[in-house]
Amino acid sequence: MGELAGITNVTKRTIDYYTTIGLLKAERSASNYRYYDQSAIERLHYIEKCKAEGMSLDKIKKEMLEKDAEEIDVHELRLRIRGLENDVSEILTHLDRNDPKSQEEMKKQISHESLSLIQTLLLLIN
């Protein structure tokens, strides 16, 4: 915490308070020391900038929670895209075989969501 305070020119007491109210996240060591990652520096700068603009800590926390939720949504979307890419690869492999039975089995294994997305992509391509 001391290193973070030195880097950001924010007191240890303030960092402790921000951590307590959930504005900052800290990892704990086996000996119960708090460790902050690189993002804590950026978050502290953002908090201090918002405070200088007259925002309340409650409003700052709300905005940060919304931003974090958006980042989670983007991460979830990336994971779904990867899953779809895998499904498309499997479909292409089975289509290359030109085996109707294999193709039917493939349709059963693919999620309805993936199949809909693939059909939409095919419509857009053609």
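What counts as what
Residues numbered from 1 in each chain as written. Predicted model: local features only at pLDDT ≥ 70, side-chain atom pairs only at ≥ 80, totals over all residues. Heavy atoms only, no water. pLDDT = per-residue confidence, 0-100. Helix = DSSP H or I, 4+ residues; strand = E, 2+ residues; numbered from the N terminus. Buried < 20%, exposed > 50% of the residue type's maximum accessible area, 1.4 Å probe, protein only. Arc of directions from axis to C-beta. Salt bridge = Lys/Arg side-chain N within 4 Å of Asp/Glu carboxyl O.

- The chain is annotated in an unreviewed UniProt entry as MerR family transcriptional regulator from Metabacillus elymi.

## Let's talk about the confidence of the model for the chain
Argument step 1. For the chain, per-residue confidence averages 79 on the pLDDT scale, and 84% of positions sit at 70 or higher.
Argument step 2. Considering each helix and strand of the chain separately, the mean pLDDT is smallest for helix α5 (residues 100-109), with a value of 70, and largest for helix α3 (residues 38-52), with 89.

## Concerning helix α2 (residues 12-20)
Argument step 1. Along α2, the residues classified as buried are Ile15, Tyr18 and Thr19. End-on, the buried residues of α2 take up no more than an arc of 100°, which puts them together on one face. Projecting away from the buried face of α2 at angles above 90 degrees are the exposed residues Arg13 and Thr20.
Argument step 2. Looking at the residues trailing α2, positive phi occurs at Gly22, about 95°.

## Description of the pattern of salt bridges
Argument step 1. In this structure the tally under the stated criterion is four salt bridges.
Argument step 2. Of the charged contacts, one joins Glu48 and Lys51 as a salt bridge, the two residues approaching to 3.8 Å between their closest N and O atoms. Of the two residues, Glu48 and Lys51 are both situated in helix α3; the distance of three residues between them amounts to about one turn of the helix.
Argument step 3. The exposure class assigned to Glu48 is partly exposed, which follows from its relative accessible area of 28%.
Argument step 4. With its nearest N and O atoms 3.6 Å apart, the salt bridge here joins Glu53 to Lys49.
Argument step 5. Among the residues examined, Glu53 registers a relative accessible area of 54% and is labelled exposed.
Argument step 6. Residue classification places Lys49 among the partly exposed residues on the basis of a relative accessible area of 45%.

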